[in-house]
Amino acid sequence: MDEIARINSEPLLTAEDIAHRLAAIHAAQNDDERAHGMEDDLHRDVLAAIAVGAPDASLLAAAALRTETLDFARWCG
């Protein structure tokens, strides 16, 4: 799904949305591939929200970067 199109057709992400997604990633930590994919999706969605003018861009970015505190393997393939 095109993230920018989705952002344009739905309300922008909120810190609360990110908190819910962080909780979901935390719950998926035992599946490295799934958690890593969810992390990538979150980071892309936050960047897309920032690109279209999210007024609280720094808050959203900081919230999304909290995934770095989660313990699962990350790799690029």
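Residues numbered from 1 in each chain as written. Predicted model: local features only at pLDDT ≥ 70, side-chain atom pairs only at ≥ 80, totals over all residues. Heavy atoms only, no water.

Novice: Outline the nonpolar core, listing residues and values.
Specialist: Among the nonpolar cores identified, the biggest contains 15 residues, and Ile18, Ile25, Leu42, Val46 and Leu60 are the most heavily contacted of them. When contributions to this core are tallied by element, the ones reaching two or more residues are helix H2 (15-27), helix H3 (32-51) and helix H4 (57-64). Element by element, the count of residues in this core is highest for H3, at four residues. Once residues lying within four places of it in the same chain are set aside, the contact partners of Leu60 are Leu13, Thr14, Ala15, Ile18, Val46, Ala49 and Ala54. (Core = buried A, V, L, I, M, F, W, Y, C linked by side-chain atoms within 4.5 Å. Buried < 20%, exposed > 50% of the residue type's maximum accessible area, 1.4 Å probe, protein only. Helix = DSSP H or I, 4+ residues; strand = E, 2+ residues; numbered from the N terminus. Contact = heavy atoms within 4.5 Å.)

Novice: Explain H2 residue by residue, including any values.
Specialist: Here H2 contains 13 residues, and its C-alpha end-to-end distance of 18 Å stays within 8% of the 18 Å for a straight helix at 1.5 Å per residue. All of the buried residues in H2 are Ile18, Leu22 and Ile25. Taken end-on, H2 shows its buried residues confined to a sector of 60°, consistent with a single buried face. Away from the buried face of H2 by more than 90 degrees, exposed residues Glu16, His20 and Ala27 are located. (Expected span 1.5 Å × (residues − 1). Arc of directions from axis to C-beta.)

Novice: A description of the packing of H2 against H3 should follow, citing residues and the corresponding values.
Specialist: Remark: H2 packs on H3, axes separated minimally by 9 Å, with the N-to-C direction vectors making an angle of 165°. Accordingly, the angle class assigned to the pair H2 and H3 is roughly antiparallel. Note on packing geometry: the crossing formed by H2 with H3 is left-handed. Across the interface between the two elements, Ile18, Arg21, Leu22, Ala24 and Ile25 from H2 touch Ala35, Met38, Glu39, Asp41, Leu42, Asp45 and Val46 from H3. (Axes fitted to C-alpha atoms, helices over the stretch in contact; angles between N-to-C directions. Parallel < 35°, antiparallel > 145°, perpendicular 65-115°, else oblique. Left-handed = near helix turned anticlockwise from the far one by under 90°.)

All we've got here are geometric facts, nothing functional implied.
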